[in-house]
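Single-letter residue listing:
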Amino acid sequence: MVSYKRLNPEDVQFSNAVLSEEHVPVREEVREPEECERPLLSRRPSCSATTGLVVLGSLLLLLCGVWLLATIFWVHRPSNQPPHRPPPPAPAPTPDSRGNGTGAERVGAGRDPQACAATPEAWRFDCYPERGAVVTREMCEARNCCFISVPSSQQPPSGSNGVPWCFYPPEFPSYSLVSVNDTALGQTGRLVREVKTYYPGDILTLELETRHETEMRLRVRITDPSESRFEVPVTVPNATKKAESPAYTVELSKEPFGLIVKRTSTGAVLLNTTVAPLFYADQFLQFSTSLRSKFIYGLGEHRSSFLHSVQWNTLTMWARDVPPVELTNLYGAHPFYLAMEEGGNAHGFFLLNSNAMDVVLQPAPALTWRTIGGILDFYVFLGPDPASVIGQYLEVIGYPAMPVYWALGYHLCRWGYGSSNATWDVVKNMRNQGIPQDAQWNDIDYMEQFMDFTFDPTSFSTLPDLVKDLHTHDQRYVMILDPGISSTQAEYWPYDEGLRRGVFINDSDGNTLIGKVWPGLTAYPDFSDHVTHEWWYDNLKRFHEKVPFDGLWIDMNEPSNFLDGSTNGCPANSLENPPYTPGILGGLLRAKTLCASAKQKTSIHYNMHSLYGLMEAKASACALKRILGKRAFVISRSTFPSHGAYSGHWLGDNRSQWKDLYVSIAGILTFNLLGIPLVGADICGFSEEPQEELCVRWTQLGAFYPFTRNHNAIDMKPQDPTAFSPLAQTAMKQALLLRYSLFPLLYTLFHHAHTLGHTVARPLMFEFPKDIRTYGIDRQFLWGKSLLVTPVLDPGVDYVVGYFPEGVWYDYYTGDPVHSKGEELRLQAPLDKINLHLREGAVIPTQRPNLTLWVSSGQPLHLVSTLSEDGSASGDLFWDDGESIDTYETDQYAYIVFSVIQNVMTSQVLHSHLEATYLTVESASFYGVKEEPSGVLVNSQEAAFTYRANQQVLTVADLGLNLSQNFTISWM
């Protein structure tokens, strides 16, 4: 990177192709006369006559007048001809500088008033995006942009963005496409910019490449042909052949350059970058596009509703350790969005860039990508339905890993158990109360002085015995690790060996960068270096020999730092203080993290920061597989695209509040879109005192998080189920047993996520994309395509209102049918109930639950079929040993499909395996059997049955059918 000082508006200079690039100081307000003008009078012969003086004076006045008129014309000429001189310095802001106080619009001088005024507010693209700047007309005009103030009555509430006062005029200079050539995959082109922008380091010549990689995937790259720039080190498919019949067309606008992508079948414009100029400077890259609709999802990680607002909404991406709050960059960065179109079609967009960035949504609707490094490398996914878009996205970044079976059980943790014996007591209480639990966790209080790979020899002296006891009871142990390694101990193998191997991140001078986290002064492993992966594995293996843990919780990996940068600060350069800083919390790239100029193996931290959690997750998962010889269980706080291949995620340090209960649904739905289906929030809330009613309702909802963990903070009251009243305990126990009974369904859904890129927790709009009323629903969700969850999210109520898309829905518990035309229904919801409904046409495998999934997974199956109006239904089951690596890839699994057609259920084993022989089908229920059968046959043999006429439910019990063999159940 080239170092530049921060620019002020008065320092900006415009130039065009015929002007010298030498800097002209803007403080020279008075134009110096040109050399040919200076001798105009001095070379005239002197004259003593009065007449001569009058003539000379008249000539002088005439010349001055002509010069003045020419200067005025030059100053006020249209903005499509860039000025040959920079504008004068901006005066100090005045109280009236943002408007005339009357609410009237003010158009910046020097711009074409008609062109500026003709731009609708919704289509004004911000020319002065710097946070905190009070933009005056003079500052705006210094950037050659339109200035129109907006009356204060039209401004949004404090703390959010609004209509930009300074915006690009239609004729703002951009790149031109000067040549195009066909290639084996698409096209290449040469882009040239004749006029420099107001950010330093413009790259005036660019290379464009379009790749028609598949029928449903387009890739576009815009790079610097003269110099290599940082590219995200994430493996993506390498297409070698152009798609023969793509579902898209690509149009290139030459002057100014723009890219237009259309859906061939409908003509819908999915991407149109001609709406605003392209910027491509060393540390400022920006482009904008129109959006097909206002229905935009993804763009994590932020605390918000599932459906993003397009009302001047800026989403900043730069991994940051901060309890989730609105309008703030959080733990992960995911520059991907899903967009809905007319008629239920959908498409997706992914910008493969890890630098700090702002993503701006505006009501046109339109979107602007604004990043401060790397290249422009992006994908368009054609779907055409939402689920297909996500599958296509995951084909690029990688499918999520298949979790180990116990990952889907109930996990219990808190910061502040205080000792291993206190932790053990909680486990014993859970067993005594008959409440399911698969994993016990410890936070940092298990460590000696908060140092990784240690445990407190006094308070946690019995930790190895606790872990042994957990294993005896088919339970698992998970421990926390932070990346910061203590650097102040006299003898501490992780640090000493790390120094010897050179695994730590260095500062810009090449010395180990020292920050501060829980153990005090710390060094940070560089997980972009394979040497660090080996060192990490060695540390984990050494500690596993003392405490045989089963999984890892990797926290603080944004990476977090209690200091800004390091103990020695950070250098004053353009990496630490770039020309433009996105709207990150703290206003500085180094705020509560490492110096942006820090050196890593792959690149500088400026480029690698938001990748840190991903690379630690990869190192951790690989190490666990080597140590255990089984699937790795890792839960990470910081995430980046492709993270799901190595780790799950929890939504961070939430609060024990009803609002946090509600927003957790948007969080799990968003991360399922982002390819990390193993996701959940801290049940009952992390901070603040838990309330019993809230904790009951949260446990009911949490039982349907893909990842289910109860966790709270130090000095807070206990909030595990045994800490509450008998009534609350019973309600929580019922919810968890319900989850355990649905394990076969949940496990199968994760198989489809792993192999096909499906979501596990699913928005209703994925199954009903033509029903626009589902587009904003984030108070309900589905498991897969058929199980509808409608939780209570408000205090003091015994009912809940849920939306039921058109069709037949069956009460999960009773089989009562709901015939919906697409409507909201009020449901009874006493404190001990969470409402569940099954969609028509499904076959759901369930299981008799027990206290651990190891025991539950061996219990007999019960099949629930929900018949559609024509009497049909279908479902499936994936089954393996639950923990071996790559069972699907190595054919070590069983796969069974179930179907019901014309009163006959068929079970067909499509792929057999020994594991399926251990299971039997004990019973089957059929919801929606309209008439009582006269008889039931199981494999052509008569069988006993029951029929509930009020609910129209047929049940056949005592089947004893082996899952590994085909069977039929029929009725007449």
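Fair warning: this is a prediction, and the values are worked out from it, not measured in the lab.

Caption draft 1: Representation of the pairing of strand S38 (residues 835-839) in the model. Counting buried positions along S38 gives 5 out of 5 residues, so the element sits mostly inside the fold. Side chains of S38 alternate between two faces, with Asn835, His837 and Arg839 and Leu836 and Leu838 buried alike. The pairing of strand S33 (residues 787-790) with S38 spans 4 bridges and is antiparallel. Note on S38: the bridge partner recorded for Val789 is Leu836.

Caption draft 2: Structural detail: the pattern of salt bridges. Scanning all chains against the criterion turns up 37 salt bridges. Residue Arg303 is joined to Glu326 by a salt bridge in which the shortest nitrogen-to-oxygen separation is 3.0 Å. Residue Arg303 is found in the loop between strand S12 (296-300) and strand S13 (313-317), and its partner Glu326 is found in the loop between S13 and strand S14 (334-340); the two are separated by 23 residues along the sequence. Under the relative-accessibility criterion, Arg303 is labelled buried at 11%. With a relative accessible area of 34%, Glu326 lands in the partly exposed category. A salt bridge links Asp653 to Arg637, with the nearest nitrogen and oxygen atoms 3.8 Å apart. Residue Asp653 is found in the loop between strand S27 (648-650) and helix H11 (658-673), and its partner Arg637 is found in the loop between strand S26 (634-636) and S27; the two are separated by 16 residues along the sequence. Arg637 gets classed as buried once you look at its relative accessible area, which sits at 1%.

Caption draft 3: Spotlight on the confidence of the model for the protein chain. Looking at the protein chain, pLDDT values average 90 and 88% of them are 70 or higher. In this model residues 1-110 is a low-confidence stretch, pLDDT under 50, and it forms 124 contacts with partners more than four residues away in sequence or in other chains.

Caption draft 4: A look at the nonpolar core. Ranked by internal contacts, the top residues of the largest apolar core, which has 239 residues, are Tyr446 and Phe704. Sort the elements by how many residues they give to this core and helix H10 (residues 612-628) lands first, with 9 residues. Setting aside chain neighbours within four positions, we find Phe704 in contact with Leu738, Arg739, Leu742, Phe781, Trp783, Leu787, Val789, Ile834 and Leu836. By size, the runner-up hydrophobic cluster in this structure holds 33 residues, among which are Met139, Phe147, Ala364 and Tyr606.

Caption draft 5: Spotlight on the packing of aromatic side chains. With the rule as written, the count across this model stands at 56 aromatic pairs. Taking 6.3 Å as the distance between ring centres and 65 degrees as the angle between the ring planes, the aromatic pair formed by Phe455 and Phe543 counts as edge-to-face. Note that Phe455 is positioned in the loop between strand S20 (439-442) and helix H6 (463-472) and Phe543 in helix H8 (residues 530-544), a separation of 88 residues in sequence. Residue classification places Phe543 among the buried positions, given a relative accessible area of 2%. Linked through ring pairs, Tyr168, Phe172, Tyr198, Tyr199, Phe279, Phe284 and Tyr580 together constitute an aromatic cluster. Here the basic side chain of Lys428 rests over the ring of Trp424, its NZ or CZ set 4.8 Å away from the ring centre.

Caption draft 6: Inspection of the state of the cysteines at higher detail. Within this structure, the stated rule accounts for 5 disulfides. Two residues share a disulfide in this structure: Cys140 and Cys166, whose sulfurs sit 2.2 Å from each other. The S-S bond linking Cys140 to Cys166 shows a torsion near 90 degrees; that makes this disulfide right-handed. Of this pair, Cys140 sits in helix H3 (residues 137-141) while Cys166 sits in strand S2 (residues 166-167); the two residues are 26 residues apart in sequence, bridging distant segments of the chain. According to the relative accessible area criterion, Cys166 is buried, its value standing at 2%. Covalently, Cys570 is tied to Cys595 through a disulfide, its sulfur atoms 2.0 Å apart. Around the S-S axis, the bridge from Cys570 to Cys595 shows a dihedral of about -85 degrees and counts as left-handed. With Cys570 in the loop between strand S25 (551-554) and helix H9 (605-608) and Cys595 in the loop between S25 and H9, this pair connects stretches of sequence that are 25 residues apart. For Cys570, a relative accessible area of 22% puts it in the partly exposed group. Look at Cys595 and you get buried, because its relative accessible area is 2%. Assigning the bonded cysteines of the protein chain consecutive numbers by sequence position, one obtains the connectivity 1-5, 2-4, 3-6, 7-8, 9-10.

Caption draft 7: Inspection of the packing of H8 against H10 at higher detail. Where H8 meets H10, the axes come as close as 9 Å, and the angle between the chain directions of the two elements is 50 degrees. As the angle between them shows, H8 and H10 are arranged oblique. The two elements H8 and H10 cross, and the hand of that crossing is right-handed. Of the residues in H10, those touching H8 at His533, Glu534, Trp536, Tyr537, Leu540, Lys541 and His544 are Met615, Glu616, Lys618, Ala619, Ser620, Ala623, Arg626, Ile627 and Leu628. Of the residues contributing to the contact of H8 with H10, the split by class is 8 nonpolar, 3 polar and 5 charged.

Calculation criteria
Residues numbered from 1 in each chain as written. Predicted model: local features only at pLDDT ≥ 70, side-chain atom pairs only at ≥ 80, totals over all residues. Heavy atoms only, no water. Buried < 20%, exposed > 50% of the residue type's maximum accessible area, 1.4 Å probe, protein only. Helix = DSSP H or I, 4+ residues; strand = E, 2+ residues; numbered from the N terminus. Pairing = 2+ DSSP bridges. Salt bridge = Lys/Arg side-chain N within 4 Å of Asp/Glu carboxyl O. pLDDT = per-residue confidence, 0-100. Contact = heavy atoms within 4.5 Å. Core = buried A, V, L, I, M, F, W, Y, C linked by side-chain atoms within 4.5 Å. Phe/Tyr/Trp six-rings, centres within 6.5 Å; stacked < 30°, edge-to-face > 60°. Lys NZ or Arg CZ within 6 Å of the ring centre and 35° of its normal. Disulfide = S-S within 2.5 Å. Axes fitted to C-alpha atoms, helices over the stretch in contact; angles between N-to-C directions. Parallel < 35°, antiparallel > 145°, perpendicular 65-115°, else oblique. Left-handed = near helix turned anticlockwise from the far one by under 90°. Nonpolar A, V, L, I, M, F, W, Y, C, P; charged D, E, K, R; others polar.

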